[in-house]
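# Survey of secondary and tertiary structure
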There are 2 protein chains.
Amino acid sequence: MESGYVTLEQVAQHAGVSLATASRVINGSTRQVSQRLREKVTKSAQELGYLANASAQTLARNSSSLVGLLVHDISDPYFSSIAAGVTRHTEEQGLVLVLGTTGRSTQTESRILSTLRAHRARAVVLVGSRSTDEESNRRLAQEIHLFRRQGGRVACVSQEGLPADTVTPDNHAGAADLARRLIAQGHREFAILAGPTDLQTARERLDGFHSALSGAGLQLAHHNVVHGAFTRDGGYESTRRLMAVGTDATCLFAVNDVMATGAMAALRDLGLRVPTDLSVAGFDDIPTLRDLTPALTTVRLPLERMGEQAAALALDGEPTDQPRVVTVKGEVVERESTAPPTR
Amino acid sequence: MESGYVTLEQVAQHAGVSLATASRVINGSTRQVSQRLREKVTKSAQELGYLANASAQTLARNSSSLVGLLVHDISDPYFSSIAAGVTRHTEEQGLVLVLGTTGRSTQTESRILSTLRAHRARAVVLVGSRSTDEESNRRLAQEIHLFRRQGGRVACVSQEGLPADTVTPDNHAGAADLARRLIAQGHREFAILAGPTDLQTARERLDGFHSALSGAGLQLAHHNVVHGAFTRDGGYESTRRLMAVGTDATCLFAVNDVMATGAMAALRDLGLRVPTDLSVAGFDDIPTLRDLTPALTTVRLPLERMGEQAAALALDGEPTDQPRVVTVKGEVVERESTAPPTR
DNA sequence: CTAGTCTAGGAAAGAGTTTTCCCGTGGTCC
DNA sequence: GGACCACGGGAAAACTCTTTCCTAGACTAG
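Anyway, here's the lowdown on the structure attached to this text. Quantities reported herein were computed from a predicted structural model and do not represent experimental measurements.

As a further point, take the nonpolar core. Of all hydrophobic cores here, the largest spans 146 residues; its most connected members are Phe209(A) and Phe209(B). With residues near it in sequence (within four places) discarded, Phe209(A) still touches Ala175(A), Ala176(A), Leu178(A), Ala179(A), Leu182(A), Phe190(A), Ile192(A) and Phe253(A). Counting residues in hydrophobic clusters, the runner-up holds 34 residues, among them Val96(A), Val124(A), Leu126(A) and Phe147(A).

Moving on, we come to the sheet that holds strand S5 (residues 165-169) of chain B. Spatial ordering of the open sheet is given by S11(A)-S5(A)-S4(A)-S3(A)-S1(A)-S2(A)-S2(B)-S1(B)-S3(B)-S4(B)-S5(B)-S11(B), a layout of 12 strands whose pairing is mixed. If you trace the sheet from one side to the other, it starts and ends with strand S11 (325-328) of chain A together with strand S11 (325-328) of chain B, each paired once. Averaged over all pairs of adjacent strands, the angle between strand axes in this sheet comes to 20 degrees, irrespective of strand direction. One ladder, built from six bridges, connects strand S1 (residues 66-71) of chain B with strand S2 (residues 96-101) of chain B; its direction is parallel. Bridging from a neighbouring strand, Leu69(B) pairs with Leu99(B) of S2(B). Of the strands in this sheet, strand S3 (123-127) and strand S4 (153-157) of chain A touch helix H7 (residues 134-149) of chain A, which is tilted by about 140 degrees from S4(A).

Neighbouring DNA strand D are 28 residues; Leu8(A), Ser23(A), Thr21(B), Arg31(B) and Ser34(B) lie closest to it. Taking all atoms of DNA strand D within 4 Å of the protein, the share assigned to sugar and phosphate is 62%. Tyr50(A) is positioned with one of its side-chain polar atoms (N or O) 3.0 Å from a sugar or linking oxygen of DNA strand D. Within the side chain of Arg24(B), a nitrogen or oxygen atom sits 2.8 Å from a base nitrogen of DNA strand D. Counting only elements with at least two residues in the surface near DNA strand D, the list comes to helix H2 (19-27) and helix H4 (54-61) of chain A together with helix H2 (19-27) and helix H4 (54-61) of chain B. The biggest single contributor to the surface near DNA strand D is H2(A), with five residues. Its residues assigned to classes, the surface near DNA strand D comprises 14 nonpolar, nine polar and five charged.

In this section: the packing of helix H8 (residues 171-185) of chain B against helix H9 (residues 200-215) of chain B. All names here are of chain B. It is at 7 Å that the axes of H8 and H9 come closest, and there the two elements cross at 40 degrees. By the angle between their directions, the pair H8 and H9 is classed as oblique. Regarding H8 and H9, the two cross each other, and that crossing is right-handed. Only Thr201, Glu204, Arg205, Asp207, Gly208, Phe209, Ser211, Ala212 and Leu213 of H9 make contact with H8, whose side of the interface consists of Asn171, His172, Ala175, Ala176, Leu178, Ala179, Arg180, Leu182 and Ile183. Split by residue class, the contact of H8 with H9 holds nine nonpolar, five polar and four charged.

Attention shifts here to the protein's contact with DNA strand C. Taken together, 29 residues form the shell around DNA strand C, and within it Thr21(A), Arg31(A), Ser34(A), Leu8(B) and Ser23(B) come nearest. Within 4 Å of the protein, the contacting atoms of DNA strand C are 58% sugar and phosphate, with bases supplying the remainder. In this structure, Thr21(A) approaches DNA strand C through a side-chain N or O atom, which is 2.7 Å from a phosphate oxygen. Here Arg24(B) contributes a side-chain N or O atom positioned 3.5 Å from a base oxygen of DNA strand C. Of all elements in the fold, only H2 and H4 of chain A together with H2 and H4 of chain B reach the threshold of two or more residues within the surface near DNA strand C. Looking at the surface near DNA strand C, its residues break down into 15 nonpolar, nine polar and five charged.

Strand pairing in a sheet is mediated by backbone hydrogen bonds. Such pairs are either parallel or antiparallel. Residue and element names in this part refer to chain B. Spatially, S7-S6-S8-S9 is the arrangement adopted by the four strands of the open sheet, whose pairing is parallel. Looking at the sheet topology across the chains shown, the edges are occupied by strand S7 (225-227) and strand S9 (279-281). Strand-to-strand twist across the sheet, computed as the mean angle between neighbouring axes with direction ignored, equals 20 degrees. Sheet topology places strand S8 (residues 251-254) next to S9; three bridges connect them, and they run parallel. Bridge pairing in S9 links phenylalanine 253 to alanine 281. In the packing of helix H10 (residues 232-245) onto the sheet, the strands contacted are strand S6 (190-195), S7 and S8, and the crossing angle to S7 comes to about 140 degrees.

Residue and element names in this part refer to chain A. Contact pair helix H1 (residues 8-15) / H2: the axes reach a minimum separation of 8 Å and the direction vectors enclose 105 degrees. The orientation of H1 with respect to H2, classified from their angle, is roughly perpendicular. Contacts between H1 and H2 involve Leu8, Glu9 and Ala12 from the former and Leu19, Ala22, Ser23 and Ile26 from the latter.

Turning our eyes to something else, we now look at the relation of the copies chain A and chain B. Superposition record for chain A on chain B: RMSD 0.1 Å, screw rotation 180 degrees, translation along axis 0.0 Å. With respect to symmetry, the two chain copies, as superposed, fit the operation of a two-fold axis. When the interface residues of chain A are mapped onto chain B, 100% of them again lie at the interface, so the same face is used by both copies.

All names here are of chain A. Within the secondary structure, serine 337 sits in the segment after strand S12 (331-333). Judged by relative accessible area, which is 0%, serine 337 ranks as buried. As a C-alpha pair, serine 337 and alanine 295 span 42 residues in sequence and 5.6 Å in three-dimensional space. In contact with serine 337, other than residues within four places in its own chain, are Met264, Val274, Pro275, Leu278, Ser279, Val280, Pro294, Ala295, Leu296 and Thr297.

What follows concerns the pattern of salt bridges. This model, assessed by the stated rule, comprises 35 salt bridges over all chains. Measuring nitrogen to oxygen at the nearest pair gives 3.5 Å for the salt bridge that ties Glu135(B) to Arg138(B). One end of the pair, Glu135(B), and the other, Arg138(B), are both in helix H7 (residues 134-149), three residues apart, so they sit about a helical turn from each other. As a salt-bridge pair, Arg300(B) and Asp285(B) come within 2.8 Å of each other at their nearest N and O atoms. With Arg300(B) in strand S10 (residues 298-300) and Asp285(B) in the loop between S9 and S10, the pair connects residues that are 15 residues apart, well separated along the chain. Overall, the relative accessible area of 2% leaves Asp285(B) in the buried class. Connected via shared salt-bridge partners are Asp285(A), Arg290(A), Arg300(A) and Arg335(A).

Our next topic: helix H11 (residues 257-269) of chain A. All names here are of chain A. The terminal C-alpha atoms of H11 lie 18 Å apart, and with 13 residues this matches the ideal 18 Å at 1.5 Å per residue to within 8%. Of all the 13 residues making up H11, 11 are buried; the element is thus mostly covered by neighbouring parts of the structure. Among the residues making up H11, those that are buried are Asp257, Val258, Met259, Ala260, Thr261, Gly262, Ala263, Met264, Ala265, Ala266 and Leu267. Among the residues of H11, the N-terminal cap falls to asparagine 256, whose side-chain oxygen and the backbone nitrogen of valine 258 are separated by 3.4 Å. Count one or two residues on from H11 and you reach glycine 271, which has phi positive near 80 degrees.

Before going further, it helps to spend a moment on the pairing of strand S6 (residues 190-195) of chain A. Residues and elements named next belong to chain A. Most of S6 sits out of view: six of its six residues are buried. On S6, burial covers both faces: Phe190, Ile192 and Ala194 on one face and Ala191, Leu193 and Gly195 on the other are all buried. As paired strands, S6 and strand S8 (residues 251-254) are joined by four bridges and run parallel to one another. Each bridged residue has a counterpart across the sheet, and for alanine 191 the counterpart in S8 is leucine 252. Taken together, the three bridges between S6 and strand S7 (residues 225-227) define a ladder with parallel strand orientation. Along S7, the bridge assignment pairs glycine 195 with histidine 227.

Reading guide: rules and limits
- Residues numbered from 1 in each chain as written.
- Chains lettered and ligands numbered in written order.
- Predicted model: local features only at pLDDT ≥ 70, side-chain atom pairs only at ≥ 80, totals over all residues.
- Heavy atoms only, no water.
- Core = buried A, V, L, I, M, F, W, Y, C linked by side-chain atoms within 4.5 Å.
- Buried < 20%, exposed > 50% of the residue type's maximum accessible area, 1.4 Å probe, protein only.
- Contact = heavy atoms within 4.5 Å.
- Pairing = 2+ DSSP bridges.
- Helix = DSSP H or I, 4+ residues; strand = E, 2+ residues; numbered from the N terminus.
- Axes fitted to C-alpha atoms, helices over the stretch in contact; angles between N-to-C directions.
- Near = heavy atom within 4 Å.
- Polar contact = N/O pair within 3.5 Å; in protein donor to acceptor, adjacent residues only side chain to side chain.
- Nonpolar A, V, L, I, M, F, W, Y, C, P; charged D, E, K, R; others polar.
- Parallel < 35°, antiparallel > 145°, perpendicular 65-115°, else oblique.
- Left-handed = near helix turned anticlockwise from the far one by under 90°.
- Least-squares fit on C-alpha atoms with pLDDT ≥ 70 in both.
- Salt bridge = Lys/Arg side-chain N within 4 Å of Asp/Glu carboxyl O.
- Expected span 1.5 Å × (residues − 1).

Set out below in structure tokens:
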């Protein structure tokens with residue numbers, strides 16, 4: 001009681017039983033322990049303030065209660081929403097969540113993954129779109145393989161293609177739905193903030209939007225597609241570039257909400273009104289951004305639920321041989337940031 | 001290489017040295033190892049793909065590389081901003097961040113704290129205002145004491161009064177500064193969304209605002225102070241209640257930005273314009289909310305830096321006997337959500 | 001009544017590191 | 001040349017659990 005730690009041995013001694021018995025009582029193993037001893041042990045543990053040493057348990061069991069969560073940037077509301085879902089699920093199960101932020105560096109990602117491996121983490125949830133760079137995908141797949149071989153489980157959010165269970169939004173369909181709704185509003189000329197060229201999610205959304213336009217017999221002018229960072233500032237900057245050369249578009253589609261936010265700020269700074277001068281639409285429906293004015297027309301994704309589902313894929317049930325893929329449909333939400341074109 | 005894990009013993013064998021030597025090479029202990037053996041060991045480790053078992057290390061060293069971070073709700077941008085700072089600092093040091101979300105329950109908070117204790121976490125950063133409930137504060141202080149006794153270090157953000165290093169915003173001064181600026185704009189009648197009654201941060205901001213008003217010879221009518229949840233929806237709901245009974249205020253101060261966001265939404269729904277019909281001010285200057293329109297007048301806190309500082313307090317240097325307190329000044333940022341009153 | 005089965009308890013063998021302690025070698029100083 | 005020291009290396013203890021294996025006793029069946 002006095003100094004430092006109370007060990008199970010001390011509890012056993014205090015209760016007058018063997019170490020084995022004490023262990024069986026405390027963690028409730030398969031083996032039975034008589035009511036009498038059971039009480040003695042719990043009472044002793046209580047009195048001494050015993051707290052099991054988690055690393056010793058991990059070492060002995062060769063399996064820990066750690067679950068990893070890898071995101072690009074936790075202060076981005078997209079990631080923090082998903083993180084909230086993952087946390088909820090892990091905490092319900094009494095597991096411990098380890099948060100790793102990669103800052104979009106695949107190197108950091110691999111490093112953290114191996115740290116998790118060192119900790120014998122039970123599972124890891126990878127969030128954030130993969131790049132289309134083959135080399136780094138291969139390296140990541142290798143790390144995942146190692147993680148797996150040690151008995152760890154892996155689930156991904158929004159990055160199909162990796163050898164792991166995945167919950168992914170139907171980016172293509174969502175963007176196509178959105179495009180059709182915008183066309184229905186009367187728009188014919190579109191500009192797109194397409195994000196980075198090497199980001200799968202961004203590409204799928206671009207493709208989906210594009211194919212719906214084609215389906216409606218509309219062209220997308222090359223100069224109306226602007227690439228840039230997948231962030232608020234990326235959206236701002238891309239919009240400035242777009243408007244600098246000028247555009248004939250009546251509607252601007254940013255492939256995610258944070259970019260759309262940047263776009264709206266840029267337009268405001270340029271003295272343009274949304275949606276009067278230009279309609280703006282996004283993708284994700286980030287909860288924190290719902291209070292923007294004008295409210296953003298976007299494609300709603302149940303981000304928190306997606307996090308929960310990913311955690312469930314990684315933690316519940318038995319591991320499967322074939323990677324499972326849960327596809328989440330996005331739902332178009334029309335708000336004030338888009339309106340029929342005035343010209 | 002084939003099955004499961006590579007242990008240090010295997011590395012030692014492969015290199016033809018003792019376990020002790022291998023250990024000394026890999027972790028770079030105080031003891032010297034000859035260049036010759038050093039190379040042999042690193043080469044073997046490399047070849048075999050050795051990765052140290054973190055729990056075994058923790059057990060042997062009786063100190064882990066885990067750092068805890070406790071927040072109320074990670075999807076709240078206030079917390080995720082701070083979390084970003086904490087992550088940055090911990091990852092720089094090669095430490096592993098454990099994220100716990102308490103959902104504002106002190107019980108959950110204690111539970112997570114003891115889990116961290118079980119893991120021999122090196123430090124923990126507690127974020128989020130303490131309640132003014134004495135009983136739960138006492139329990140928390142007790143947990144902190146236990147954590148400390150095991151060699152763990154504790155730092156807090158925004159919750160002075162606990163026996164731990166703290167970085168805290170100067171809520172009183174910030175709110176008072178804001179009040180004076182608003183008075184200078186010409187406002188005389190204020191309404192306040194004061195948050196929960198038992199939240200220290202909320203109370204300090206209310207007090208600071210209030211004392212600046214008194215200093216200017218202004219009264220704050222009782223019916224113009226509304227209490228409610230510290231969240232966006234709390235702000236919305238409080239505003240609805242305030243407006244339902246009617247107010248003579250020309251300016252509404254919400255004690256944090258997310259509440260202010262809710263307030264603006266409520267006013268919009270009521271058909272009132274900000275700032276024409278009513279000015280609105282907040283506190284925190286949440287980065288994600290900077291794109292609201294009208295842009296929010298608020299008190300800027302360097303949230304990410306505060307997170308870093310807290311992590312630094314908990315990790316760098318030697319533990320001190322006396323709790324250190326770092327006070328962060330907030331800076332008033334005037335934006336479009338406040339304007340001189342029109343009546 | 002004996003052989004066989006089941007049960008609860010304990011001793012001890014791990015799990016993979018770190019670290020202490022011991023030993024031999026080689027150098028330095030009178 | 002002997003006493004002392006510094007240094008690099010290894011054997012083994014320590015860290016705290018879980019779990020296997022063993023044993024003694026109780027019970028059941030024939």
